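Now for the letters of each chain:
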Amino acid sequence: MARLEGKVAVITGGAAGIGKVTAKRFLAEGAKVVLVDISEEMLEETKQELGGEVVTVQADVSKEDQVKKYVDKAVEAFGKIDVFLNNAGIEGKVAPLIEQTAEDFDKVIAINVRGMFLGMKHVLPVMYKQGAGSVINMSSVAGLSGSPNVIPYITSKHAVVGLTKAAAVESARYQVRVNSVHPSPVNTRMMRSLEEGLGTSEAELSKMIPLGRYGESEDISNLVLFLASDESTFISGAQYRIDGGMAAL
């Protein structure tokens, strides 16, 4: 049997990168999928590419009314939410702290932290009522250590750890699990932007990774699938590094 047979998954940041690849994997494993993204055009392109039982919702995850809209639409379309991949995020400006503006900082926090908080605020009541569910919050290795020139991003990804741990404790009584995933650099548009801002290359950054390469979205989707499935029903409040061995250095 497929590992997500009969399950309904909501994925924010679902039109590209890790979100899109994970949606494809979830569909192959029997899930129905609700894709959420800021770009309506990209959502439509992704829906056509993926096929299967896919509903799309254009939304800004930092706006509470729009978060409520995507949750309501998921329940209206499929009757429940079993899996929530809280994945939408931005990298922000690459610059030293003293060159970052308050506006730069607030923009990253709005998407990466407020958006994640609002997603859980509106998805968790659905899962609590069901007495089951898995929330996977997308963080980064940047959420477990420090790094220069991307302080808004670093701050936001550290905040995801706190959100995850606190939500896991609150949700346990309802048999709802909340975990975070912490990838190394992944071969996506975000890394192209960061490479440009940092004035470096994939070849140079890959030297920091013992396995010698960036992660691929498929690598991350393998871990997310495990956390979404019933194979991980005794795992909650955990931080999963998927970093090619970086933590061993």
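Everything numeric here is computed off the predicted structure, so don't read it as measured data.

J.: How do you make sense of the overall build of the chain when you look at a structure like this?
T.: Per the secondary structure count, the chain includes 8 helices and 7 strands. Expected size for 249 residues packed as a compact globule is a radius of gyration near 18 Å; at 17 Å, the chain falls within 12% of this value. Taken over the C-alpha atoms alone, the chain extends approximately 45 × 40 × 35 Å along its principal axes. Going through the 249 residues of the chain one by one, you find that 49% of them count as buried. Contacts spanning at least 24 positions in sequence make up 68% of the contacts within the chain whose residues lie at least 6 apart. Of the roughly 11,500 Å² of accessible surface on the chain, 54% is carried by carbon and sulfur atoms.

J.: Explain helix α6 (residues 189-198) here, please?
T.: Note that an α-helix has 3.6 residues per turn; residues three or four places apart therefore point the same way. Among the residues making up α6, those that are buried are M190, M191, L194 and E195. Seen end-on, α6 carries its buried residues on one side only, within an arc spanning 135 degrees. α6 presents R189 and E196 as exposed residues on the side facing more than 90 degrees away from its buried surface. Looking at the buried side of α6, the elements it contacts are α5 (151-171) and α7 (202-205). Phi turns positive one or two residues past the end of α6, at G199, with a value near 65 degrees.

J.: For this particular structure, what's the right way to read the side chain of E91?
T.: Structurally, E91 is set in the loop between β4 (83-86) and α4 (102-130). Since its relative accessible area comes to 8%, E91 is described here as buried. A polar atom in the side chain of E91 sits 3.0 Å from the side chain of R189. Polar contacts involving the side chain of E91 include one to the side chain of S193, which spans 2.7 Å. Ignoring anything within four residues of it in the chain, the contact list for E91 reads V108, Y153, R189, M190, S193 and L194.

Conventions we followed
Residues numbered from 1 in each chain as written. Predicted model: local features only at pLDDT ≥ 70, side-chain atom pairs only at ≥ 80, totals over all residues. Heavy atoms only, no water. Helix = DSSP H or I, 4+ residues; strand = E, 2+ residues; numbered from the N terminus. Rg over C-alpha atoms; globule rule 2.2 N^0.38 Å. Buried < 20%, exposed > 50% of the residue type's maximum accessible area, 1.4 Å probe, protein only. Contact = heavy atoms within 4.5 Å. Areas by Shrake-Rupley, 256 points an atom, 1.4 Å probe, with all protein chains shown as cover. Arc of directions from axis to C-beta. Polar contact = N/O pair within 3.5 Å; in protein donor to acceptor, adjacent residues only side chain to side chain.

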